[in-house]
Amino acid sequence: MTLVRRSYGYSKMEKEDPEEVNHRRAQFLIYKVMEKADSRRKPSFLRVRICRLRVKIGRKLKRLRKSITAAKVGVYRQVLSQLKAWKRLLGGGETLVTLPHLLT
């Protein structure tokens, strides 16, 4: 058995011009973008309505949270003012406590 060396059918290519390579790559990318744009379909009417509804609900929830926090702050201030008033009535307004001197 003898080994027969066959010459391959491929011939060595000369180096391509870099401008030509960039041009071919750009054409390919343009083709891909155009293909993707063709495959996209117009968003359905129902999907658009659902998206708008979600935005509307989100805004209402945000307003509700703000109003709740504002109400909490208002109630907190009222309670504090009432406590101060009761303190003045019951304690006679004297809230200072004298501490013994430690250094004497």
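One can find the structure itself at the top, above this paragraph.
Here goes a summary of the coordinates provided.

Reading guide: rules and limits
Residues numbered from 1 in each chain as written. Predicted model: local features only at pLDDT ≥ 70, side-chain atom pairs only at ≥ 80, totals over all residues. Heavy atoms only, no water. Helix = DSSP H or I, 4+ residues; strand = E, 2+ residues; numbered from the N terminus. Buried < 20%, exposed > 50% of the residue type's maximum accessible area, 1.4 Å probe, protein only. Areas by Shrake-Rupley, 256 points an atom, 1.4 Å probe, with all protein chains shown as cover. Patch = residues over 30% accessible without salt bridge, like charges linked within 9 Å, V, L, I, M, F, W, Y side chains within 5 Å. Salt bridge = Lys/Arg side-chain N within 4 Å of Asp/Glu carboxyl O. Lys, Arg positive; Asp, Glu negative; His and termini not counted. Charge placed at Lys NZ, Arg CZ, Asp CG, Glu CD.

Side note on the overall build of the chain
Across its full length, the chain holds two helices and zero strands. Across the 104 residues of the chain, 0% fall into the buried class. Within the structure as shown, the chain displays about 12,100 Å² of accessible surface, and the carbon and sulfur contribution to it stands at 60%.

Quick word on a nonpolar patch on the surface
Nonpolar side chains collect at one region of the surface, where L53, I57, L61, L64 and I68 lie side by side and expose about 450 Å² of accessible area between them. Within the secondary structure, L64 sits in helix α2 (residues 45-91).

What to know about the pattern of salt bridges
Counted according to the given criterion, the structure contains one salt bridge. Across the pair E35 and K32 runs a salt bridge whose closest N-O atoms are separated by 3.9 Å. In this pair, E35 and K32 are both assigned in helix α1 (residues 18-39), three residues apart and thus about one turn of the helix distant. The exposure class assigned to K32 is partly exposed, which follows from its relative accessible area of 38%.

Some words on a positive patch on the surface
Where like charges cluster on the molecular surface, the positive patch consists of K56, R59, K60 and R63. Along the chain, R63 falls in helix α2.

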